[in-house]
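Here are the chains, one letter per residue:
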Amino acid sequence: MAHPEKNDSQVPEQGRRDDDDIGMKSAAAQDTMSEKHDAEKDVEDGRHPRSAHIDAAVAARIADNVDDFMTLVNEADEANERERGNLAYPAFKDRFGIVAPNGDHVIPASWQNGISGATNVGEIIGLQIAGVVSERWGYRWTIIGALVAVTGFIFFPFFAGNLTVFLVGELFQGMAWGCLPDHDYGFISSGILVGLESRTDVWGYKIPFAVQWVWPIPIAIGTYLAPESPWWCIRKEKRDRAEQSLKRLARSSGFSQREADAAMALMIYTDEMEKQVAAGTTYLDCFKGVNLRRTEIVCMTWLAQTLSGTALGGLSTFFYQQAGISDSDSFKLSWGKDAINFVGTVTSWFVLNKIGRKTLMFSGMSAIFVFLL
């Protein structure tokens, strides 16, 4: 399934509000160059800009917020697919399943939906936590904290003696995953399941969970060594640190001091514009006037992700087994499906900016409709 792109924040940036994205470009186009220069000069001199015109950079930051929002959608879909794949695993069914009329061990549908739902709920909670924590302590430490948390929470499913403990573990892991940037490893995890499908002991399902302990340490080290988001530093009035981070992020392109000064002036100006536009707004404003229309669009975009069939796609291995396909072939088919998802994700990187999200989603939905016929 397609995943949104990541930027340097890598954590949902709750500090940036969803400003007026409709009409921003036209307002920015009406600004004369002299007005923009005067506004930037005012900010550098410590004064607020005289006008409330919206710079094009503000629209770019709002687009990043949309990307962060869509991250949650795709992470929830991935979590559904990953966990439901585990629930169809032979070793897992033998350990936690009940005996069906045909003599096979199965995980009750109520538990399958409950475990997947717990992961989704956890990710929503984690997203809210990430917004508060990242705004206070920065994105680097938010990611590192989430990696430490997920390392500890893996113990729940690894040592679970019943489905209740397993469900609680998935809830807590979902909270940690919600604080992390998008993670597209469905193809890799499916490959691990295929490789261990022949194991019938408890290690057949425990090893895939244990593999998750490998990734947090190197990712945490890389995150610690990475520069903090210059946008976060600007919002926290740490301009020297913001300039250092900006130079580190752009050093491969030969960033000059003049370019750094210009970028800093624009970031400061954009931050001031965001503060002015967001002043006095509340969540209730999402349901008033033109904002209500935007809320409807975002909600439908969310629903489209699920209504397109991703929820059923996560149960593909289970459906293959119920159709009489062997466990080995069922997991191989699911692995192939994840490979196609991976190809679609990579393709979207190159197509998205050229045709736009609306066209990409509509064409994708149309293609799914044709395939289902």
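From a predicted model like this one, the values you see are computed outputs, not experimental measurements.

Draft legend 1. Structural view of the overall build of the protein. Looking only at helices and strands, the protein has 18 helices and two strands in total. For the protein, buried positions account for 42% of its 373 residues. The long-range share in the protein, meaning contacts at least 24 apart out of those at least 6 apart in sequence, stands at 76%. Approximately 19,500 Å² of the protein is accessible, and the part contributed by carbon and sulfur atoms is 65%.

Draft legend 2. Structural view of helix 17 (residues 327-355). Between the first and last C-alpha of helix 17 there are 40 Å, a value that for 29 residues agrees with the 42 Å anticipated at 1.5 Å per step. Helix geometry: helix 17 is bent most strongly at W349, by close to 40 degrees. Of all the positions in helix 17, only S330, F331, S334, D338, T345, S348 and L352 are classed as buried. G356 lies just past helix 17 and shows a positive phi near 90 degrees.

Draft legend 3. The packing of helix 6 (residues 139-153) against helix 11 (residues 216-225), seen in detail. Relative to each other, helix 6 and helix 11 sit at 165 degrees, their axes nearing to 9 Å. With respect to their mutual orientation, helix 6 and helix 11 come out roughly antiparallel. Both helix 6 and helix 11 take part in a crossing whose hand is left-handed. Taken together, the residues of helix 11 that come into contact with helix 6 (itself represented by R140, W141, I143, I144, L147, V150 and T151) are P216, I219, A220, T223 and Y224.

Draft legend 4. Highlighting the UniProt feature "transmembrane region" (unreviewed entry) in the protein. Residues given the UniProt feature "transmembrane region" (unreviewed entry) here are residues 143-168. Split by type, residues 143-168 is 85% helix and 0% strand. Its first and last C-alpha atoms lie 22 Å apart.

Draft legend 5. View of the pattern of salt bridges. Counting across every chain of the model gives six salt bridges. With its nearest N and O atoms 3.7 Å apart, the salt bridge here joins R239 to E237. Take R239: its relative accessible area is 32%, and that puts it in the partly exposed class.

Draft legend 6. How the structure looks around the state of the cysteines. Within the structure shown, the criterion is met by zero disulfides. The cysteine C299 is free of any disulfide, with C286 supplying the nearest cysteine sulfur at 9.5 Å. Accessibility expressed as a relative area gives 42% for C299, which makes it partly exposed.

Draft legend 7. How the structure looks around a nonpolar patch on the surface. A contiguous nonpolar patch, built from W137, W141, I217, I221, Y224 and L225 and spanning about 710 Å² of accessible area, is present on the exposed surface. In terms of residues, the nonpolar patch owes the most to one element, helix 11, which gives four residues. Mapping L225 onto the fold places it in helix 11. A relative accessible area of 54% means that L225 is categorised as exposed.

Draft legend 8. Inspection of the packing of aromatic side chains at higher detail. Under the counting rule described, the total for this entry stands at 15 aromatic pairs. An angle of 55 degrees between the planes, with centres 4.8 Å apart, marks the rings of F155 and W213 as tilted. One end of the pair, F155, is in helix 7 (residues 155-159); the other, W213, is in the loop between helix 10 (203-211) and helix 11, with 58 residues separating them in the sequence. Look at F155 and you get partly exposed, because its relative accessible area is 42%. Note on W213: relative accessible area 23%, which makes it partly exposed. The structure contains a cluster of three or more aromatic residues connected by ring pairs, namely F92, F96, F166, Y205 and F209.

Draft legend 9. Highlighting the environment of A220. As for its placement among the helices and strands, A220 is situated in helix 11. Given the relative accessible area of 18%, A220 is considered buried. For the pair A220 and A146, spaced 74 residues apart in sequence, the C-alpha separation works out to 9.4 Å.

Scoring rules and cut-offs
Residues numbered from 1 in each chain as written. Predicted model: local features only at pLDDT ≥ 70, side-chain atom pairs only at ≥ 80, totals over all residues. Heavy atoms only, no water. Helix = DSSP H or I, 4+ residues; strand = E, 2+ residues; numbered from the N terminus. Buried < 20%, exposed > 50% of the residue type's maximum accessible area, 1.4 Å probe, protein only. Contact = heavy atoms within 4.5 Å. Areas by Shrake-Rupley, 256 points an atom, 1.4 Å probe, with all protein chains shown as cover. Expected span 1.5 Å × (residues − 1). Bend = angle between axes of the 7 residues up to and from the residue. Axes fitted to C-alpha atoms, helices over the stretch in contact; angles between N-to-C directions. Parallel < 35°, antiparallel > 145°, perpendicular 65-115°, else oblique. Left-handed = near helix turned anticlockwise from the far one by under 90°. UniProt positions renumbered as here; feature names shortened; annotations may be inferred. Salt bridge = Lys/Arg side-chain N within 4 Å of Asp/Glu carboxyl O. Disulfide = S-S within 2.5 Å. Patch = residues over 30% accessible without salt bridge, like charges linked within 9 Å, V, L, I, M, F, W, Y side chains within 5 Å. Phe/Tyr/Trp six-rings, centres within 6.5 Å; stacked < 30°, edge-to-face > 60°.

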